[in-house]
Amino acid sequence: MSAAAPDFAHTQRAENNRKRKAHHLALAAASMGLQYYELKVVGGSQAEADTRARVRRAARVDRDPSVETWQLAIGMLLARSATVPGVQQCARCDAYVLQVTTEAGSKVLIDPFSHPSGSVFPHTNGQGRQVARVLAGHEPKPDEPLYRQHTASCPASPTALRARARRCLVCSRELDAVLAARDPSYTTHPSCEPGEEVSDRAHA
Ligand SMILES: [Zn+2]
Ligand SMILES: [Zn+2]
C-alpha cells in the first residue's frame with residue numbers, strides 16, 4: 001500500500017468508534033459475570049459465539065463487531081478483572097480470581113464478577129469475619145450478588161481439558177464439549193456411528 005493512501009479502517013474516528021464499542025462490550029460482559037476467555041473470538045466454539053451474541057445484545061451494539069473490536073473488548077475485560085481488589089491468578093489458566101474461605105475453613109476460588117448462575121455467597125458473618133457460603137442446588141438464593149466457583153469456568157480445569165481432548169473415535173474431529181463433559185459414553189459423532197451407516201444403506 002502506498003504511503004499516501006489513507007487507511008480508512010484505521011482513521012482516528014474509526015479507532016474511537018471501535019474503542020467506544022469495545023468499552024460497552026467489556027462493561028456488559030463484566031456485568032454478566034463473564035471471564036475474558038468465555039468470549040474467545042479466534043478459534044472459539046459455538047458456545048463462545050453464542051455468549052458474544054448475548055454480550056452484544058446486552059451492550060446494545062447493533063451490528064456484529066469486528067474481530068478487532070472483540071479482541072479489544074476482551075483485553076478490556078481482562079484488565080477490568082485484574083483491578084478487582086484482592087484478585088490473584090489461577091495457577092492453571094492465569095485468569096484473575098478471588099480466593100474466599102468457607103465457614104468450615106476451606107478455600108474456594110471464585111470468578112471476580114458476580115454471575116446469575118453463581119452459587120457462592122461471600123459475606124461478613126456474625127463475628128465480623130469474611131466468609132463465603134457455597135449454596136447447594138436446592139437452597140434458596142439470597143438476593144445478593146453470587147459468584148461462580150472458578151472451576152466451573154476455568155478453561156484449564158481437568159474437566160475442561162478432558163472435554164476438549166475428546167475426539168470422535170471414527171473421524172477424530174472434535175466432539176461436542178458439553179456432551180463430552182456430561183456423558184462418558186459419548187465417544188463418536190452420531191453421524192459417524194458405524195451402525196448408523198448400515199441402517200442408512202438399508203434404507204437407500
Ligand atoms: Zn483457571
Ligand atoms: Zn466423527
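Shown above is the structure to which this text applies.
Residues numbered from 1 in each chain as written. Chains lettered and ligands numbered in written order. Predicted model: local features only at pLDDT ≥ 70, side-chain atom pairs only at ≥ 80, totals over all residues. Heavy atoms only, no water.

A. How the structure looks around the coordination of the zinc ion (ligand 1). Note on the zinc ion (ligand 1): its protein donors are Cys90 (SG), Cys93 (SG), His150 (NE2) and Cys154 (SG). The metal-donor distances range over 2.1 to 2.3 Å. If you look at the zinc ion (ligand 1), its 4 donor atoms make angles of 103 to 118 degrees with each other, and the shape they trace is tetrahedral. For the zinc ion (ligand 1), the single-chain donor residues occur in sequence as C-x2-C-x56-H-x3-C. Assessed through its relative accessible area of 5%, Cys90 is described here as buried. (Donors = N, O, S within 2.8 Å, 3.2 Å for Na, K, Ca; no water. Tetrahedral: all angles 85-135°; square planar, octahedral: opposite > 155°, others 65-115°. Buried < 20%, exposed > 50% of the residue type's maximum accessible area, 1.4 Å probe, protein only.)

B. A look at the environment of His123. Mapped onto the fold, His123 is located in strand S4 (residues 120-124). In this structure the C-alpha to C-alpha distance between His123 and Arg133, which are 10 residues apart in sequence, comes to 8.0 Å. One polar contact links the side chain of His123 to the main-chain carbonyl oxygen of Phe121, over a distance of 2.9 Å. (Helix = DSSP H or I, 4+ residues; strand = E, 2+ residues; numbered from the N terminus. Polar contact = N/O pair within 3.5 Å; in protein donor to acceptor, adjacent residues only side chain to side chain.)

C. Structural context of the packing of helix H1 (residues 12-31) against helix H3 (residues 67-82). Two elements in contact, H1 and H3, have axes separated by 8 Å at closest approach and are oriented at 50 degrees. Comparing their axes, H3 and H1 come out oblique. Crossing angle aside, the handedness with which H1 passes H3 is right-handed. The segment H1 lies against H3, with Arg18, Lys19, Lys21, Ala22, His23, Leu25, Ala26, Leu27, Ala29 and Ala30 engaging Glu68, Thr69, Trp70, Leu72, Ala73, Met76, Leu77 and Arg80. A class-by-class count of the residues in the contact of H1 with H3 yields 11 nonpolar, 2 polar and 5 charged. (Axes fitted to C-alpha atoms, helices over the stretch in contact; angles between N-to-C directions. Parallel < 35°, antiparallel > 145°, perpendicular 65-115°, else oblique. Left-handed = near helix turned anticlockwise from the far one by under 90°. Contact = heavy atoms within 4.5 Å. Nonpolar A, V, L, I, M, F, W, Y, C, P; charged D, E, K, R; others polar.)

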